[in-house]
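Tertiary structure, described
Read off the chains here:
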Amino acid sequence: MKRKEFLSLSSLGFLGISCGVSVENHSSKNLAIQLYTVRNAVSKDVEKTLERLALLGFKNLEIYGYNGTFFGKKRTEFKSILKNTGLKVISSHHRTGITDKENGTLLQNWDKTLEDLNFIGSKYAVCSYLPEAERTIENYQKLPEVLENAGKLSKQNGIQLAYHNHDFEFLKIDDENNFYDFILKNTSSDLVKMELDLYWISKAGLNPLDYFEKYPKRFPLWHVKDMKSGTKDFTEIGNGTIDFKRIFEAREKAGLEHWFVEQDASDKDIFESISMSTKYIKENRFFFYN
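In short, a report on the structure. Remember, it's a predicted structure, so these values are computed and weren't measured experimentally.

Here we look at the packing of aromatic side chains
Between two aromatic rings, the relevant description is the distance of the centres plus the angle of the planes. Within this structure, the stated rule accounts for 25 aromatic pairs. Between tyrosine 129 and phenylalanine 168, the ring centres sit 6.1 Å apart and the planes meet at 75°, which makes this aromatic pair edge-to-face. With tyrosine 129 in the loop between strand S4 (124–127) and helix H6 (137–156) and phenylalanine 168 in the loop between strand S5 (160–164) and helix H7 (179–185), this pair connects stretches of sequence that are 39 residues apart. Of the residues examined, phenylalanine 168 reaches a relative accessible area of 10% and is grouped as buried. Relative to phenylalanine 287, the ring of phenylalanine 244 lies with its centre 6.2 Å away and its plane at 45°, an arrangement referred to as tilted. Residue phenylalanine 244 is found in helix H10 (residues 244–248), and its partner phenylalanine 287 is found in the segment after helix H12 (270–283); the two are separated by 43 residues along the sequence. Given a relative accessible area of 0%, phenylalanine 287 falls into the buried group. Taken together through their ring pairs, the aromatic side chains of Phe212, Phe219, Trp222, Phe244, Phe248, Trp259, Tyr280, Phe286, Phe287 and Phe288 make up a single cluster.

Structural data, given as structure tokens:
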């Protein structure tokens, strides 16, 4: 769909969204989403998925799965889709390549990856996830060097590298240190920033504010998702136990620049969950700032 047609249909309400959330344009430019949240829809039709997200008020994206193409699209095709839907890519997720050795990883053709990320306008590249095979003492000891080297090349190409956590990084190496602290202490604060996943650090039983105090300005990116009471399952933002207001009050100490809505799984249609989350976000002004 051409951008002119898409905007026309948007204004007339023909591209409906669930859960009764208004399609009004929000004044904030901060509303962003990690596309992994809607991976099933993306696999069927990436452009229609982005159109639907734009109607929910999203302005920016974090993408995943680059392997030489963007969701099977050449970079020129994907950039055209972004233009048509009015969305911008802020950040892109990538694995290390230590075990999977695929294009688009930190250790395989990283310079070409950075070239393509620059082409679509991404400002960040994030090491997203360590497969179980990489979660060994030996690999963790190698990880700072892998991140530093990728971070240096990224910086030279105008892109900031960051590292995204799950809960396994908070397992203890010894009585005082965990893997997450090991990464922070053994990488440059300039070359390797952190994308803090507020759900996973909370599930691990740790306080994000403690990390903001220990490593100020190191956390320019956040994943914002909520955790159910009791089961600790994923849930819509505002339906769980995480105190986002308290965390967002510390955003300057953290060095926050961008945050992304994410929900890995849902007991509802995922777009219904996203609608519920965006409704809560729009009702709570602390999520928005200049």
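Notes on the packing of helix H5 (residues 110–120) against H6
Viewed as axis vectors pointing N to C, H5 and H6 meet at an angle of 40°, and their least axial separation amounts to 10 Å. With respect to each other, H5 and H6 are oriented oblique. Between H5 and H6 lies a crossing whose hand is right-handed. Of H6, the residues touching H5 (which contributes Trp110, Asp111 and Leu114) are Ala150, Leu153 and Ser154.

Examining the layout of surface pockets
Taken as a whole, the largest pocket encloses approximately 500 Å³ of empty space. Contributing to the lining of the largest pocket are 23 residues, with Tyr64, His93, Arg95, Ser128 and Tyr129 lying nearest its centre. Partitioned by chemical class, the residues of the lining of the largest pocket number five nonpolar, 12 polar and six charged.

Examining unusual backbone geometry
Both trends apply: most residues other than glycine have a negative phi, and most peptide bonds are in trans. Here phenylalanine 71, not a glycine, exhibits a phi torsion of approximately 55°, which is positive. The partly exposed category is assigned to phenylalanine 71, whose relative accessible area is 21%. For asparagine 109, which is not glycine, the phi dihedral falls at a positive 55°. Looking at the secondary structure, you find asparagine 109 in the loop between strand S3 (88–94) and H5. For asparagine 109, a relative accessible area of 44% translates into the label partly exposed.

Focus: the environment of lysine 79
Relative to the elements of secondary structure, lysine 79 occurs in helix H4 (residues 75–85). Lysine 79 gets classed as partly exposed once you look at its relative accessible area, which sits at 39%. Placed 74 residues apart in sequence, lysine 79 and leucine 153 show a C-alpha to C-alpha distance of 23 Å.

Thoughts on the nonpolar core
Leu53, Phe219, Trp222, Phe248, Trp259 and Phe287 are the most contacted members of the largest nonpolar core, which totals 77 residues. A per-element tally of this core places H6 first, with five residues. If you look at the next biggest cluster of nonpolar residues, it comprises seven residues, including Tyr124, Ala162, Leu221 and Phe260.

What about the pattern of salt bridges?
This model, assessed by the stated rule, comprises 17 salt bridges. A salt bridge links glutamate 115 to arginine 75; its shortest N-O distance comes to 3.4 Å. Placement of the pair is glutamate 115 in helix H5 and arginine 75 in helix H4, with a sequence separation of 40 residues. On the accessibility criterion, glutamate 115 (42% relative accessible area) is partly exposed. The partly exposed category is assigned to arginine 75, whose relative accessible area is 26%. Lysine 268 is paired through a salt bridge with aspartate 267; the nearest N and O atoms lie 3.1 Å apart.

Calculation criteria
Every chain's residues receive numbers from 1 upward, in the order its sequence appears when written. It should be noted that, the model being predicted, local features are given only for residues of pLDDT at least 70 and side-chain atom pairs only at 80 or more, the latter also being counted only at that level, while totals for whole chains, interfaces and linings use all residues. Only hydrogens and water are removed before side-chain values are computed, so all heavy atoms of the structure are retained for them. Ring pairs shown here join Phe, Tyr and Trp side chains whose ring centres sit within 6.5 Å, with only the six-membered ring taken for Trp; geometry is labelled stacked below 30 degrees between planes, edge-to-face above 60, and tilted in between. Strands here mean DSSP runs of E at least two residues long; helices mean DSSP runs of H or I at least four residues long; both are numbered from the N terminus. Relative accessible area decides the class of each residue, using a 1.4 Å probe on protein chains only: under 20% of the type maximum gives buried, over 50% gives exposed, and in between gives partly exposed. Between the N-to-C directions of two axes lies an angle of 0 to 180 degrees, each axis being a line fitted to C-alpha atoms and, for a helix, fitted only over the stretch in contact. Relative orientations are named as follows: roughly parallel for angles under 35 degrees, roughly antiparallel for angles over 145 degrees, roughly perpendicular for angles from 65 to 115 degrees, and oblique for any other angle. Note on convention: near helix rotated counterclockwise from far helix by under a right angle means a left-handed crossing. Clockwise means right-handed. Pairs of residues are marked as contacts when any of their non-hydrogen atoms sit within 4.5 Å. Cavities and pockets were defined on a 1 Å grid built from protein atoms only: a cavity is a group of points that admits a 1.4 Å probe but offers it no way out, a pocket is an open group of points flanked by protein on both sides within 12 Å along at least five of seven lines, and a lining residue is one with an atom within 4 Å of any such point. Grid points are joined across faces, edges and corners, and a volume is the space filled by probe spheres set on the points. Residue polarity is assigned by list, with Asp, Glu, Lys and Arg as charged and Ala, Val, Leu, Ile, Met, Phe, Trp, Tyr, Cys and Pro as nonpolar; anything else, Gly included, falls into the polar class. Take the buried residues of types Ala, Val, Leu, Ile, Met, Phe, Trp, Tyr and Cys, join any two whose side-chain atoms come within 4.5 Å, and each joined set is a nonpolar core. By definition, a salt bridge exists where a carboxyl oxygen of Asp or Glu is found within 4 Å of a side-chain nitrogen of Lys or Arg.

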